[in-house]
Amino acid sequence: MEKLIITAAICGAEVLKEHNEYVPYTIKEIQQEALKAYKEGASIIHLHVREDDGTPTQDKNRFHEAIMAIKEVAPDVIIQPSTGGAVGMSNDERLQPTLLDIEMCTLDCGSVNFGGDEVFINTENDILYFAEKIYERGIYPELECFGKMHVDHVLRLHKKGIIKKPMHFSFVLGVNGGQTGEERDFLFLKDTLPTDATFSVAGIGRFEFPLAELSIIHGGHVRVGLEDNIYIDKGVKAKGNSDLVRKVVELAKKHNREIASPSEARKILKLGVTNENM
Ligand code: KMH
Ligand code: ZN
């Protein structure tokens, strides 16, 4: 089996210090959380940024500052800015980090209810617009799917030549309004993929570690972090993202799966291979 790529989703746009005091807001806090997660074994940092008071932003300059700060302490880690941002942001607002010199970002592949009155909107035309900008700027998209229909949509867009290989999926399961994260959900999604696609799984809340373990067993990759889950055990809050990454490393050891370094992760994902060569 390939080595395990661990992504740390250190901050998100929704989770607050009121939920877990270790959620980073400032550039310094983001830098230190990224560094600790990297030291524990994360090869990708899934990055959102905040104003110092915690307000989510997609401001290009704020992303630039955060990326530079992370690169200063972990030069080889893969930084994956979010183009999802926060619910309600416009497409061009969300796309701001793609104007920077980045190697990877997320591409959200469908709409999903996000609890209460919130809807995270990604219409077909939105997806086409994001895909055009992301590929045009030479960036590698991670295909965020909140359920099976998003995977099906990606595969349809791939047949039309819009989504290109290499295809790396992220199944984000357990969102309040999206597909849940039971074993059968994971197997259903995994079995839908073409054999040359790679995938990672992000379980929200209580689904985080059961899904991480399943993905480790079945040759997938894993995303954890305070964006997705604030607990290390039932009722016990994690003392930062590094706690969550460490627990995945322990699960990987249990199943004899080695951890990928950033350069190994780049090879596994074929990051840096131009689409024309595929
Ligand atoms: N904050 C969510 C509304 C992504 O990073 O691409 C969207 C999100 C997805 O987190
Ligand atoms: Zn995100």
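Residues numbered from 1 in each chain as written. Chains lettered and ligands numbered in written order. Predicted model: local features only at pLDDT ≥ 70, side-chain atom pairs only at ≥ 80, totals over all residues. Heavy atoms only, no water.

Asker: Can you help me understand the site of ligand 1 in this one?
Answerer: Around ligand 1, a shell composed of 13 residues is seen, among which Glu14, Ser82, Gly85, Thr106 and Asp108 lie nearest. Glutamate 14 is positioned such that a nitrogen or oxygen atom in its side chain is 2.8 Å from a nitrogen atom of ligand 1. Here an oxygen atom of ligand 1 sits 3.1 Å away from a polar atom, N or O, in the side chain of histidine 46. When the free accessible area of ligand 1 is taken as 300 Å², the share hidden by the protein chains comes to 97%. (Near = heavy atom within 4 Å. Polar contact = N/O pair within 3.5 Å; in protein donor to acceptor, adjacent residues only side chain to side chain. Areas by Shrake-Rupley, 256 points an atom, 1.4 Å probe, with all protein chains shown as cover.)

Asker: Any chance you could explain the coordination of the zinc ion (ligand 2) here in plain terms?
Answerer: Reference values for angles at a metal are 109.5 degrees in the four-donor tetrahedral case and 90 or 180 degrees in the six-donor octahedral case. Those donors, His46 (NE2), His48 (NE2) and Glu227 (OE), are the protein atoms that reach the zinc ion (ligand 2), and they lie 2.1 to 2.2 Å from it. When the donors of the zinc ion (ligand 2) are listed by position in the chain, the intervening gaps give H-x1-H-x178-E. One end of the pair, histidine 46, is in strand S2 (residues 44-47); the other, glutamate 227, is in the loop between strand S12 (221-224) and strand S13 (231-233), and 181 residues separate them in sequence. The two residues histidine 46 and glutamate 227 agree in class, both being buried. (Donors = N, O, S within 2.8 Å, 3.2 Å for Na, K, Ca; no water. Helix = DSSP H or I, 4+ residues; strand = E, 2+ residues; numbered from the N terminus. Buried < 20%, exposed > 50% of the residue type's maximum accessible area, 1.4 Å probe, protein only.)

Asker: Where do I start with the nonpolar core in this structure?
Answerer: Within soluble globular proteins, side chains that are nonpolar generally end up buried alongside one another. Judged by nonpolar contacts, the single largest core of 71 residues is most densely connected at Leu47, Ile163, Phe169 and Phe171. For this core, the leading source of residues is helix H8 (residues 241-254), giving 6 residues. Contacts of phenylalanine 169, omitting those with residues within four sequence positions, involve Glu142, Leu143, Cys145, Val151, Val154, Leu155, Leu193, Ala197, Thr198, Phe199 and Ser200. (Core = buried A, V, L, I, M, F, W, Y, C linked by side-chain atoms within 4.5 Å. Contact = heavy atoms within 4.5 Å.)

Asker: In this structure, what is going on with the state of the cysteines? I would like to understand it.
Answerer: Note on terminology: disulfide describes a covalent bond linking the sulfur atoms of two cysteines. Within this structure, the stated rule accounts for 0 disulfides. Distance from the sulfur of cysteine 109, which forms no disulfide, to the nearest cysteine sulfur (cysteine 145) is 4.6 Å. For cysteine 109, a relative accessible area of 2% translates into the label buried. (Disulfide = S-S within 2.5 Å.)

Asker: Whenever I open this one, the environment of isoleucine 139 confuses me. Can you help?
Answerer: Within the element layout of this structure, isoleucine 139 appears in the loop between helix H4 (124-136) and strand S9 (140-145). Judged by relative accessible area, isoleucine 139 falls into the buried class, the value being 4%. Taking the C-alpha atoms as reference, isoleucine 139 lies 27 Å from glutamate 208; in sequence the two are 69 residues apart. When near neighbours in sequence (up to four residues on either side) are disregarded, isoleucine 139 contacts Thr98, Ile102, Glu103, Met104, Cys105 and Ile134.

Asker: It is not clear to me how the packing of helix H1 (residues 27-40) against helix H2 (residues 60-73) should be interpreted in this structure. Could you clarify?
Answerer: In a pair of packed helices, the angle between the axes and the distance between the axes together describe the arrangement. Between H1 and H2, the least distance of the axes is 9 Å, while the angle of their chain directions is 40°. Our classification of the angle between H1 and H2 gives oblique. In terms of crossing hand, the pair formed by H1 and H2 is right-handed. Contact residues: H1 offers Ile27, Ile30, Gln31, Ala34 and Leu35, while H2 offers Arg62, Glu65, Ala66, Ala69, Ile70, Glu72 and Val73. Of the residues assigned to the contact of H1 with H2, the class counts are 8 nonpolar, 1 polar and 3 charged. (Axes fitted to C-alpha atoms, helices over the stretch in contact; angles between N-to-C directions. Parallel < 35°, antiparallel > 145°, perpendicular 65-115°, else oblique. Left-handed = near helix turned anticlockwise from the far one by under 90°. Nonpolar A, V, L, I, M, F, W, Y, C, P; charged D, E, K, R; others polar.)

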